[in-house]
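Chains, contacts and geometry: an overview
Take a look at the letters that make up each chain.
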Amino acid sequence: MPPAVRLHEAVALAGRFPLLAGACLEVGEGEVVHLRGPNGAGKTSLLKVLAGLLPVHSGEATVLGWDLVADRRAVRGQVGMLGHESFLYEELTVEENLEFAVRASRGPVVGIRPALEQFGFTGRLASIPLARCSAGQRRRASLALLVARGARLWLLDEPHAGLDQDGRDLLDELLAGSRAASRTVVFASHELERATAIADRTVHLAGGRVVEPPKTPESVEQAAAHVA
Amino acid sequence: MLRDAVLVAGKDLRIEIRSRVGLNQIGPFALAVLLLFGLALGPDRRVLAPASAGLFWVAVLLSTILGVQRSYAIESVDGARDGLRLSGLDPAGIFLGKAGAVVVQLLVLETALAVGVALLYGARLSGALVLIGTCVLGTFGLAAVGTLYGVVASGLRIRETLLPLLFLPVVSPVLLAATKAWDEALAGTPGRAGGWLDVLAVFAVLYVATGIVAFGPLLEDG
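Residues numbered from 1 in each chain as written. Chains lettered and ligands numbered in written order. Predicted model: local features only at pLDDT ≥ 70, side-chain atom pairs only at ≥ 80, totals over all residues. Heavy atoms only, no water.

Things to note about the sheet that holds strand β9 (residues 201-206) of chain A
Working definition: the strands of a sheet are paired by backbone hydrogen bonds and lie parallel or antiparallel to each other. Residue and element names in this part refer to chain A. Across the sheet, which stays open at both edges, the six strands sit in the order β6-β7-β8-β3-β9-β10 with mixed pairing between neighbours. For this open sheet the edge positions go to β6 (79-82) and β10 (209-211), each flanked by a neighbour on one side alone. Pairs of neighbouring strands in the sheet enclose a mean axial angle of 25°, with direction left out of account. Where β6 lies against strand β7 (residues 153-157), four bridges are found, and the strand directions are parallel. Residue pairing in the sheet places Leu82 in a bridge with Leu156 of β7. Where helix α1 (residues 43-50) meets the sheet, it contacts β3 (32-36), β6, β7, β8 (184-188) and β9, and its direction lies at approximately 155° from that of β7. Taken strand by strand, helix α4 (residues 135-149) contacts β6 and β7, and its axis lies near 170° from that of β6. (Pairing = 2+ DSSP bridges. Helix = DSSP H or I, 4+ residues; strand = E, 2+ residues; numbered from the N terminus. Axes fitted to C-alpha atoms, helices over the stretch in contact; angles between N-to-C directions. Contact = heavy atoms within 4.5 Å.)

See the structure below:
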């Protein structure tokens, strides 16, 4: 089975500044991958490249079978992204936002109501404008949209940020069930304990490239013991 | 493409109905422009009535800039523009939808402005078919150009000042042709407006076609 995501020496630029400087990454179908790295390592840029929002300047990039170098728009209908922003409209209600986005991506409209209920948007709460929702509720609305759209690839940037304990647990539950739902997930997070518990593996980024994990005193000791 | 256009237009109009920016700001702005023209030219209706067509269309042009800026302002909050790009919608459909929503709002505004020129300037609104035809064709042209240049300007920090600079010179043929067509209708000779209506139709078709082709790359690069 071909990988859901394949980057080879992918370079993405902002002007002349390299956001990705030859990143290589493979993610299998149904895999949950945690992106780890310091601020400015290229985690958000990597997610945006995979979503087709940033162009690939050189190298190879294939997502769900689509070649992003040739056409980065085609994949978008199959990708759900949770960024620092909600990607939703302030004046529309949570329900209207989901309806618009799901219809736009030709997703199943029947999934909207259950997704709203799953994230606590029941009764009047589903029909108030997004502008009146708290930051946490907006985050929940964005997650409800991901679920309702039924995208095959989830790209999540700090998904736990702004969520309360229930919301975090709900998100972890969803991510844990990704393989069963035939969903691939790539997410960036600084919440290492949670992220490591959910992810199948962790990928380290630095300077816009995928790198070997940095050596800790424990890992050096382990390596020395292995050699001995 | 048309399905996507209807979806986007419905979304934009729903937002406008809810926010009432058009009703509370753009409408009063356009009427204030009419009033200010009246003050500048004086109260003599023998001066105002013959200038009605031109003043009407200048007010429409200025209001279009506000309408288009508003159309993109709703996409600039909380990453909505990226959300639109991620939605999988056909860019041509997005263009037609956004332009269509601007057309609807402008036609409503033009109805109010027509009443305004009749009341303030004493213009006799004769030749209704030509007046309406001019409004429809002219508005399609204005909305198409505005939506096209609006997406260019919307991705930039200087968008508020750039859009009028890009928009006004390009739509000068619409101002000219629509004013002439309205002049003929108000003068009681609507039959002589045919050529000007043709100009408006060609302009509208040209810019709608350009928008359908060019909007996608402009949305990506903005």
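Here's the deal with the nonpolar core
Of all hydrophobic cores here, the largest spans 66 residues; its most connected members are Phe56, Trp57, Leu89, Leu113, Leu142 and Trp182 of chain B. With residues near it in sequence (within four places) discarded, Trp182 of chain B still touches Ala53, Phe56, Trp57, Ala114, Leu131, Thr134 and Cys135 of chain B. Val5, Val27, Val63 and Leu68 of chain A belong to the second largest nonpolar core, which has 36 residues in total. (Core = buried A, V, L, I, M, F, W, Y, C linked by side-chain atoms within 4.5 Å. Buried < 20%, exposed > 50% of the residue type's maximum accessible area, 1.4 Å probe, protein only.)

Focus: the packing of helix α8 (residues 172-186) of chain B against helix α9 (residues 194-221) of chain B
The axes of two packed helices give the description: the angle between them and the distance between them. Residue and element names in this part refer to chain B. As a packed pair, α8 and α9 sit with axes 8 Å apart at the nearest point and diverge in direction by 150°. As far as their axial angle goes, α9 and α8 are roughly antiparallel. Along this stretch, α8 crosses α9, giving a crossing that reads as left-handed. Listed contacts from α9 to Pro173, Val174, Leu176, Ala177, Ala178, Lys180 and Ala181 of α8 are Trp196, Leu197, Val199, Leu200 and Phe203. A breakdown of the residues in the contact of α8 with α9 according to their chemical character gives eleven nonpolar, no polar and one charged. (Parallel < 35°, antiparallel > 145°, perpendicular 65-115°, else oblique. Left-handed = near helix turned anticlockwise from the far one by under 90°. Nonpolar A, V, L, I, M, F, W, Y, C, P; charged D, E, K, R; others polar.)

The values are spatial; any link to function lies outside them.
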